[in-house]
Amino acid sequence: MVHVVSDTQPTIDAALDGTTVRRWIRESADVFSSQRDYLTQLDAAIGDADHGVNMHRGFTAVMARITGVEEATPGQLLRIAGRTFVSTVGGAAGPLYGTAFLQAGEALGDHETFGPRLLGDALRASLEGVQRVGAASVGDKTMVDALTPALSAYELELRMGGSLETAASGAREAAAEGMRGTIPLQARKGRASYLGPRSVGHQDPGATSTALMFAALEQAVLADRSQRFAGGARRPVSGS
Ligand code: ADP
Ligand code: MG
């Protein structure tokens, strides 16, 4: 059998910028529009049936905010997303995701472009922010159960010499696995913890929304790559 190496592009080619972040936000807004009722059903089983509505409201508001902002760095876009989540989304998800986006935005600073490693730093800053605010650890049946393995898979793939695309794909897979792994767990944080053992056997809505965001991230990265192959790099890399 002949093996064809299809991805020989060096990682340095993968310059991410404001277009990537806007794509990720748009993808997420679409996903949370189509998955709103599913997430709400998950939350109905172990919470108060609002997670889908919360996430959909948040991304709709973020889309409206960033559409009016033409010139913005990737970090600024994420900071806008964070502030919008904090101010428009209630419940646990608003401040938790708001903090995640704000911290990611802080990590990106004011670079016009950024590379795979800086994206990894931003994801790590998000996880640390979520844990600082919510104090959840892996195994507590929360979004942390999807975010933690996704970050580990992303970092591992880069360390092994993988590309941005394979790292984003590994993160998406690990997040989905972490999401499914919440089913047998008993919730120890958030509203679901009030149910005690009755929370066992249900997939955590927040872990599910995190997995959906990693799928959206992979889509944004792949769309970027198609554009690069079609039209050449948009800008030189200035981030790491
Ligand atoms: P609420 O529970 O206030 O109604 P949402 O329904 O929007 O808020 O979000 C619920 C999700 O938030 C849960 O499924 C869980 O993943 C996440 N969550 C709740 N508490 C925490 C916490 N302390 N740390 C991390 N994630 C949490
Ligand atoms: Mg809820």
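Placed above this text is the structure.
Let me begin by describing the structure that accompanies this report. The structure displayed is predicted, hence computed values, not measured ones. (Residues numbered from 1 in each chain as written. Chains lettered and ligands numbered in written order. Predicted model: local features only at pLDDT ≥ 70, side-chain atom pairs only at ≥ 80, totals over all residues.)

## With respect to the overall build of the chain
Basically, it comes down to this: Runs of H or I in DSSP of at least four residues are treated as helices and runs of E of at least two as strands, each being numbered from the N terminus. As a reference, a globule follows 2.2 Å times the number of residues to the power 0.38, and the radius of gyration itself is taken over C-alpha atoms. To assign burial, the other C-beta atoms lying within 10 Å of each residue's own C-beta are counted, with C-beta atoms placed from the backbone; 20 or more indicates buried, 12 or fewer indicates exposed, and intermediate counts indicate partly exposed.
When helices and strands are tallied, the chain shows 9 helices and 2 strands. Secondary structure of the chain in N-to-C order comes out as β-α-α-α-α-α-β-α-α-α-α. In terms of overall dimensions, the chain is globule-like: its C-alpha atoms have a radius of gyration of 18 Å, near the 18 Å expected for 240 residues. If you line up the chain on its principal axes, its C-alpha atoms span 55 × 50 × 30 Å. Looking at the chain as a whole, 51% of its 240 residues qualify as buried.

## Focus: the packing of helix α1 (residues 18-34) against helix α4 (residues 74-88)
Stated precisely, the cut-off is as follows: Axes here mean lines fitted to C-alpha atoms, for a helix over just the part in contact, with angles spanning 0 to 180 degrees between N-to-C directions. To sort the angles, those under 35 degrees are grouped as roughly parallel, those over 145 as roughly antiparallel, those from 65 to 115 as roughly perpendicular, and the leftovers as oblique. Less than a right angle of anticlockwise turn of the near helix away from the far helix marks a crossing as left-handed, whereas a clockwise turn marks it as right-handed. Residue pairs qualify as contacts under a 7 Å threshold applied to their C-beta atoms, which are placed from the backbone. Polarity classes work like this: nonpolar for Ala, Val, Leu, Ile, Met, Phe, Trp, Tyr, Cys and Pro, charged for Asp, Glu, Lys and Arg, and polar for all others, with Gly in that last group.
The geometry of α1 relative to α4 is characterised by a closest axis approach of 8 Å and an angle of 30° between their N-to-C directions. The orientation of α1 relative to α4 falls into the category roughly parallel. The two elements α1 and α4 meet at a crossing, and its hand is right-handed. Within the contact between the two elements, α1 uses G18, V21, R22 and I25 and α4 uses P74, L77, L78 and A81. Here the residues of the contact of α1 with α4 sort into 6 nonpolar, 1 polar and 1 charged.

## A word on α1
Test applied: Helix span, expected: 1.5 Å multiplied by one less than the number of residues in the helix.
The terminal C-alpha atoms of α1, which comprises 17 residues, lie 24 Å apart, in line with the 24 Å expected from a rise of 1.5 Å per residue. Taken together, the buried positions of α1 are occupied by G18, T20, V21, R23, W24, I25, E27, S28, V31 and F32.

## Considerations on the site of ligand 1
Put simply, the rule is: Any residue whose C-beta atom, as placed from the backbone, lies within 6 Å of a molecule or strand is termed near it.
Taken together, the neighbourhood of ligand 1 is formed by 24 residues, with G91, A93, G134, G190 and G206 sitting nearest. Those elements that place two or more of their residues in the shell around ligand 1 are α3 (51-67), α5 (93-108), α6 (116-134) and α9 (205-231). Here the shell around ligand 1 gets 3 residues from one element, more than from any other, and that element is α9. Split by residue class, the shell around ligand 1 holds 10 nonpolar, 8 polar and 6 charged.

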